[in-house]
Amino acid sequence: SSGINAEYGGQQLKHKFALIRASVAGFIESITLSLDTNLLQDILRLLTLWFTHGSNPDVNQVLKQGIMRIPIKTWIQVIPQLIARIDIPERSVRELIHQVIKDVGREHPQALIYPLSVAKKSGEGNREIYASELLKLMREHTPQIVEEGTMFSNELIRIAISWNEQWHEALEKASTIWYNENNAKGMFEILSPMHKMINPEQDNPAAVLTDLEKSFNNANGRDLADAYELCKRYQQSDDPKDKEKKMLQVWDCYFKVYKKTQATISQLNTVRLEDGSPILLNEARDMDLAVPGTYDPGQQVIKIHSIKPSVGIIKSKQRPRKLSMMGSDGKTYTFLLKGNEDLRQDERAMQLFGLVNSLLAHSQTTSQQNLCVQRYSVIPLSPNSGLSGWRPHGDTLHLLIKEHRERRKVTPTLETKLCNNFCLCYEKLPLMMKIEVFEEVLKLTKGEDLADILYQKSPSAEVWFERRKNYTLSHAVMSMVGYILGLGDRHPSNIMMDRKTGNLIHCDFGECFDVSRDREKYPEKIPFRLTRMMQKAMEVTGIHGTYTLTCNDVMEVLRTNENSILAVLETFVYDPLINWRLVQVEDMAEEGIDHSEGRHYDAKYTNMKALEILQKVKKKLTGYDDITDQFLDVKDQVQSLIKQATATENLCQLYMGWCPFW
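Residues numbered from 1 in each chain as written. Predicted model: local features only at pLDDT ≥ 70, side-chain atom pairs only at ≥ 80, totals over all residues. Heavy atoms only, no water.

*Asks:* Explain the overall build of the chain to me, using residue names and the numbers behind them.
*Replies:* Each helix and strand counted, the chain has 29 helices and 12 strands in total. A compact globule built from 662 residues would reach a C-alpha radius of gyration of about 26 Å, and the chain, at 27 Å, matches this within 12%. Viewed in the frame of its principal axes, the chain has a C-alpha envelope of about 70 × 65 × 65 Å. Counting across all 662 residues of the chain, residues that qualify as buried make up 52%. Considering only contacts within the chain whose residues lie at least 6 apart along the sequence, 72% involve residues at least 24 apart. Looking at the chain as shown, the accessible area adds up to about 31900 Å², and 51% of this sits on carbon and sulfur atoms. (Helix = DSSP H or I, 4+ residues; strand = E, 2+ residues; numbered from the N terminus. Rg over C-alpha atoms; globule rule 2.2 N^0.38 Å. Buried < 20%, exposed > 50% of the residue type's maximum accessible area, 1.4 Å probe, protein only. Contact = heavy atoms within 4.5 Å. Areas by Shrake-Rupley, 256 points an atom, 1.4 Å probe, with all protein chains shown as cover.)

Encoded structure:
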């Protein structure tokens, strides 16, 4: 009996791998023969089979033979996925990935230089080693591009976040860990690398400090040296009273540094390259390196001609930099340089939006309306910094509404103040009382700010009509795409409006796959942002005309192309650089895992979580409604989603910073 079972199991396995080989061969044939430039879904399906079953000798043989037939430029659109697997444990799979990357590097080094630089800075053993090896091979045939790319990336990271900002943030984290948890070990883990950072000559005698870094050391060096010495004595001491005294002295020193960094940060509006990165100012001229995000294998390379000598600082929580460079085509290219932000998930989101735009362009219904998701370039530079394309006419809804109200002498936080007049502890109220207070505040305010902005900023009735139409259409497209992606945290600072066209542009894709719906504190009960202010800015029919019809059309396209959407999302959720985010932060804390560094959960657990997420997405794409527990047609599904997004009982439970009253 056991022998028969074993034989039957062996036959099943043989049959399974025969089907996988046939699938791999089919996808390779499809990619090779296709004249369509957008092959993303087929390539991603092939990658999924390759990464999952490529270690099987027969499958590997089919892959080896077939991959050689695929044009090298085809791989450019899936470089993030290939780079994410350069340290995959299965040797045969890894070697084939490396071979493809080497081929791309030989023919298209511009497309590979930034992604490989990020992998080299990952701080994860094997990934770092393999990325260094691949860069070394690239250096053999394109030394200039590799040298320039490495220098450019390192220097941008240097100005993305100053030593003052890094120390200010590190001291905030360390003080929380010490004063709230009494955790000296955790505190030292945060601060030890910071002390090492301000003394680079210990590891590299040739290290040269910039004027800004020297200025930081002149102002804080003595206090930090004293603090570091006291920390060492604290660790050596066994006397509890002595340890307590030492720690008080440590924090006296650190508090002085904290106050000085805070004062410096508040005064800093620009960074001169002369002070922050003289290398970038003097050496980043007439480079062979392409302007980030512009490389297209079919077009002439736009190279970096020069960098603007002054970098602006945007006054927001993360204080990103506004960086401009001149291209060899004579045009100015502007970017937002972000420190302390992992842009790799945003990069994958843009990949999905590219596919969605292609599907909308090929659909008869949506192509006539020119529907698309507004995209911009995203270029990660390291695991916690990167560049994103600057939208010259884009302002966040928060900024637009704030400025509009200030011009009219209205308090920007009017609704919050009214809410506090009713009850100081609104967020602690039971649901029924929250609904009552929420509705009272809505009665006392009009919520027409966005509609007024669109009207007042339009030079003529025709322009106003066009902008309002674009606003409604772009909002409808992103509502449906955002719902499928499970995109949360859509507060007014994460949505921009193009002042010239009226189109809405979404940014910050850190909370995808319903992470915000599942969080413990202030879970989001809404599928997308459709507040009163958003509705009133639409055409005269509000949500009942163009908005709903467009939502129906877009959802129809997404549901018809379910397999293509799932192909992109499948590589997204199984990506080892992304999937750690899918695990609840609370779960990680229980396991003692530091989620901020992206350390991975057990592969079995993350794969289980990924499968669960894909099942959720699949249900959305088949019309499953988790409230009625039924599968709905497109129109009913859209109506159900709009109902959830506008329900007072859902909106009133959101945190105040989300601005649900707006």
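*Asks:* Which residues make up unusual backbone geometry, and what values go with them?
*Replies:* A negative phi angle characterises most non-glycine residues, just as the trans form characterises most peptide bonds. The phi torsion at Arg319 lies on the positive side, around 50°, for a residue other than glycine. Tracing the chain through its elements places Arg319 in the loop between β3 (310-313) and β4 (321-327). Backbone geometry places Asp514, a non-glycine residue, at a positive phi of 60°. For Asp514, the location among the structural elements is in the loop between β10 (504-506) and α22 (515-518). When its relative accessible area of 11% is taken as the criterion, Asp514 is described as buried.

*Asks:* Could you give an account of the sheet that holds strand β9 (residues 495-498), naming the residues involved and the relevant values?
*Replies:* Taking strand neighbours across the sheet as the criterion, the 3 strands line up as β8-β9-β10 in an open arrangement whose pairing is antiparallel. Edge positions in the sheet fall to β8 (394-396) and β10, since each of these pairs with one other strand and no more. Between one strand axis and the next, the sheet turns by 35° as a mean value, whatever way the strands run. Pairing of β9 with β10, which is carried by 3 bridges, proceeds in the antiparallel orientation. Its bridge partner being in β10, Met496 is matched across the sheet by Ile505. (Pairing = 2+ DSSP bridges. Axes fitted to C-alpha atoms, helices over the stretch in contact; angles between N-to-C directions.)

*Asks:* So what's going on with helix α9 (residues 163-181)? Residues and values would help.
*Replies:* Between its first and last C-alpha atoms α9 spans 26 Å; for 19 residues at 1.5 Å apiece the expected length is 27 Å, and the two agree. Along its buried surface, α9 packs onto α10 (184-197), α11 (211-236), α12 (240-267) and β4. Once α9 finishes, Asn182 follows within two positions and takes phi at roughly 55°, a positive value. (Expected span 1.5 Å × (residues − 1).)

*Asks:* Please set out the packing of aromatic side chains residue by residue, giving values where relevant.
*Replies:* Working definition: an aromatic ring pair is given by the centre-to-centre distance plus the angle between the planes. Here the structure, examined in full by the defined rule, presents 15 aromatic pairs. For the pair Trp50 and Phe51, a centre-to-centre distance of 5.7 Å together with 35° between the ring planes defines the contact as tilted. Exposure class is identical for Trp50 and Phe51. Each is buried. Here Phe353 and Phe509 contribute two aromatic rings whose centre-to-centre distance is 5.3 Å and whose plane-to-plane angle is 70°, an arrangement assigned as edge-to-face. Placement of Phe353 in helix α15 (residues 344-362) and of Phe509 in the loop between β10 and α22 is noted, with a sequence separation of 156 residues between them. This pair shows no difference in class: Phe353 is buried, exactly as Phe509 is. (Phe/Tyr/Trp six-rings, centres within 6.5 Å; stacked < 30°, edge-to-face > 60°.)

*Asks:* A description of the pairing of β4 should follow, citing residues and the corresponding values.
*Replies:* Burial of β4 is extensive: 5 of the 7 residues sit out of reach of the surface. Here 2 bridges tie β3 to β4, and the two strands are oriented antiparallel to one another. Each bridged residue has a counterpart across the sheet, and for Ile313 the counterpart in β4 is Arg321. For β4 and strand β5 (residues 332-339), the ladder comprises 6 bridges, and the chain directions are antiparallel. What sits directly across from Arg321, in β5, is Leu337. Following β4, the chain reverses through 4 residues before pairing antiparallel with β5; Gly330 in that reversal takes a positive phi of roughly 85°.

*Asks:* Pulling in residues and values, what's your account of the side chain of His98?
*Replies:* Turning to its location among the elements, His98 is positioned in helix α5 (residues 91-107). Taking the relative accessible area as the measure of exposure, His98 reaches 10% and is therefore buried. If we ignore the near neighbours within four places in the chain, the residues touching His98 are Ile86, Tyr130 and Leu134.

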